Amino acid sequence: MTCKKSDYEQLLAEYSNPLSAIALLKQYRPYLEAVPSLRRPEESLITIPFPIVRLRQPASGLAEKTTEARILPCEVAILMCDPEWKIKTGIEIFIFIHRPDEDFSDLLRRWRQIQVWLDKDYEWVMPPRHKHIFSEGANAIYPLFVIFPETPDRIKKGLQGANLPFVPQVITVDQEEIAPLIRENV
């Protein structure tokens, strides 16, 4: 059994919100401790769904340095920010939500691709609200994998074997969403 697309979409929408992202990080304490200020969470991190970076290619010979924009193969990037100075700190966390019909090799390959791309100089394409923040690369990048109860055991074992952090998520049905359905069927 695989996860449902609607469950995937629900978590993607949820973790795009900084407060929900902090709730996710609370489930993996080492990353929660990286948040600069829990008293000012909305100023302490930036969430970017389907993030884009500009990779800088070094200058060769007479050619100038070039840049190439790439969408990263994760669901959400979480950039830590100092709430006082309004600058990005050196820690970035990448959220990978298990996609419907995705197997362990596909999930792991997405993380490895980010590691390869971000091994170069890069800068973030920031959301409009955060354009003023200096957005150069990081000192450290970390993954966090989100899985479902329906996620196959081989994926859980693979993540454990690769020593990669993951948190299981159970989707709860919002009562407001099902109320019209109940009324229709009565």
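Look a little higher up for the structure.
Conventions and cut-offs
Residues numbered from 1 in each chain as written. Predicted model: local features only at pLDDT ≥ 70, side-chain atom pairs only at ≥ 80, totals over all residues. Heavy atoms only, no water. Core = buried A, V, L, I, M, F, W, Y, C linked by side-chain atoms within 4.5 Å. Buried < 20%, exposed > 50% of the residue type's maximum accessible area, 1.4 Å probe, protein only. Helix = DSSP H or I, 4+ residues; strand = E, 2+ residues; numbered from the N terminus. Contact = heavy atoms within 4.5 Å. Pairing = 2+ DSSP bridges. Axes fitted to C-alpha atoms, helices over the stretch in contact; angles between N-to-C directions. Arc of directions from axis to C-beta. Phe/Tyr/Trp six-rings, centres within 6.5 Å; stacked < 30°, edge-to-face > 60°.

Visitor: Which parts of the structure should I look at to understand the nonpolar core?
Guide: The nonpolar side chains of a soluble globular protein tend to be buried with one another. Counting 27 residues, the largest nonpolar core has Leu 72, Phe 94 and Trp 124 as its most contacted members. At the level of elements, strand S1 (45-49), strand S2 (52-57), strand S4 (76-82), strand S5 (87-97), helix H5 (104-117), strand S6 (122-124), strand S7 (140-147) and helix H6 (153-161) are the ones that each hand at least two residues to this core. Per element, the largest residue contribution to this core is 6 residues, and it comes from H5. Those residues in contact with Leu 72 that sit more than four places away from it in its chain are Pro 51, Val 53, Phe 94, Ile 114, Trp 117, Leu 118 and Trp 124.

Visitor: Help me out: how do you make sense of the sheet that holds S2 in this one?
Guide: Through backbone hydrogen bonds, the strands of a sheet pair up, either in parallel or in antiparallel fashion. Strand order in the open sheet formed by 3 strands is S3-S2-S6, with antiparallel pairing between adjacent strands. Whereas interior strands pair on both sides, the edge strands pair on one side only; in this sheet they are strand S3 (66-71) and S6. The average undirected angle you get between the axes of adjacent strands in this sheet is 25 degrees. Relative to S6, S2 runs antiparallel, the two being bridged by 3 bridges. Each bridged residue has a counterpart across the sheet, and for Val 53 the counterpart in S6 is Trp 124.

Visitor: Which parts of the structure should I look at to understand H6?
Guide: Looking at H6, one finds that the buried residues are Ile 155, Gly 158 and Leu 159. The buried side chains of H6 occupy one side of the element, clustering within an arc of 95 degrees when seen end-on. The exposed residues of H6 that point more than 90 degrees off its buried face are Asp 153, Arg 154, Lys 157, Gln 160 and Gly 161.

Visitor: I keep staring at the packing of aromatic side chains and nothing clicks. Help me out?
Guide: In this description, a pair of aromatic rings is defined by centroid distance and the angle of the planes. Enumeration according to the criterion identifies 7 aromatic pairs in this entry. A centroid spacing of 6.0 Å and a plane angle of 25 degrees characterise the contact between Phe 94 and Trp 124, whose relative ring orientation is stacked. Here Phe 94, found in strand S5, pairs with Trp 124, found in strand S6; they are 30 residues apart in sequence, far enough to count as distant. No difference in accessibility class separates Phe 94 from Trp 124, as the two residues are buried. Ring centres 6.0 Å apart and planes at 80 degrees place the aromatic pair Phe 96 and Trp 111 in the edge-to-face group. In this pair, Phe 96 is assigned in strand S5 and Trp 111 in helix H5, connecting sequence segments 15 residues apart. Classification of Trp 111 as buried rests on a relative accessible area of 3%. Taken together, Phe 94, Phe 96, Trp 111, Tyr 122, Trp 124 and Phe 145 form an aromatic cluster joined through their ring pairs.

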